[in-house]
Amino acid sequence: MLTNKIDFQNAECSACHKKQVDIRTEIVASSPDRPNSIRKKIIFRCEDHLDCDIDEIEKLALVKKRFKNLDENDLVDG
């Protein structure tokens, strides 16, 4: 069984790359393939995302994950 260790002191926000200032365990909606299950997630929040709800944090986390290896030179100035 693979176990991931979380560095709670130096963790970054779940939604961005800033240092976290708040840690919360959130209950999220169950998945369609397991409708009666309860899922919990550990959410790290920075000062900018303290008031964001879990849905917003999850959306931002997906964006963060998708563009993790994006180089600044890849961005197009609009």
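Above this text sits the structure in question.
Keep in mind the model is a prediction, meaning the values are calculated, not measured.

Colleague: Just give me the short version of the layout of surface pockets, but keep the residues and values in it.
Modeller: Computed from the structure, the largest pocket encloses a volume of approximately 280 Å³. Every residue along the wall of the largest pocket is listed here: Glu12, Cys13, Ser14, Lys41, Ile43, Ile57, Glu58, Ala61, Leu62, Lys64 and Lys65. Mapped onto the lining of the largest pocket, the elements with two or more residues apiece are β2 (39-45) and α1 (54-66). When residues of the lining of the largest pocket are assigned to their parent elements, the largest contribution, 6 residues, is made by α1. Taken together, the residues that form the lining of the largest pocket break down as 5 nonpolar, 1 polar and 5 charged.

Colleague: Go over the pattern of salt bridges with me, naming the residues and quoting the values.
Modeller: Scanning the entire structure with this criterion turns up 5 salt bridges. Where Asp22 meets Arg24, a salt bridge forms, and the shortest distance between an N and an O atom there is 2.5 Å. On the basis of relative accessibility, which here comes to 35%, the residue Arg24 falls in the partly exposed class. Glu58 serves as the salt-bridge partner of Lys41, at 2.7 Å between the closest nitrogen and oxygen. Linking Lys41 in strand β2 with Glu58 in helix α1, this pair joins segments that are 17 residues apart in sequence.

So, how was this worked out
Residues numbered from 1 in each chain as written. Predicted model: local features only at pLDDT ≥ 70, side-chain atom pairs only at ≥ 80, totals over all residues. Heavy atoms only, no water. 1 Å grid on protein atoms, 1.4 Å probe; cavity = no way out; pocket = protein on both sides within 12 Å on 5 of 7 lines; lining within 4 Å. Points joined across faces, edges and corners; volume = space filled by probe spheres on them. Helix = DSSP H or I, 4+ residues; strand = E, 2+ residues; numbered from the N terminus. Nonpolar A, V, L, I, M, F, W, Y, C, P; charged D, E, K, R; others polar. Salt bridge = Lys/Arg side-chain N within 4 Å of Asp/Glu carboxyl O. Buried < 20%, exposed > 50% of the residue type's maximum accessible area, 1.4 Å probe, protein only.

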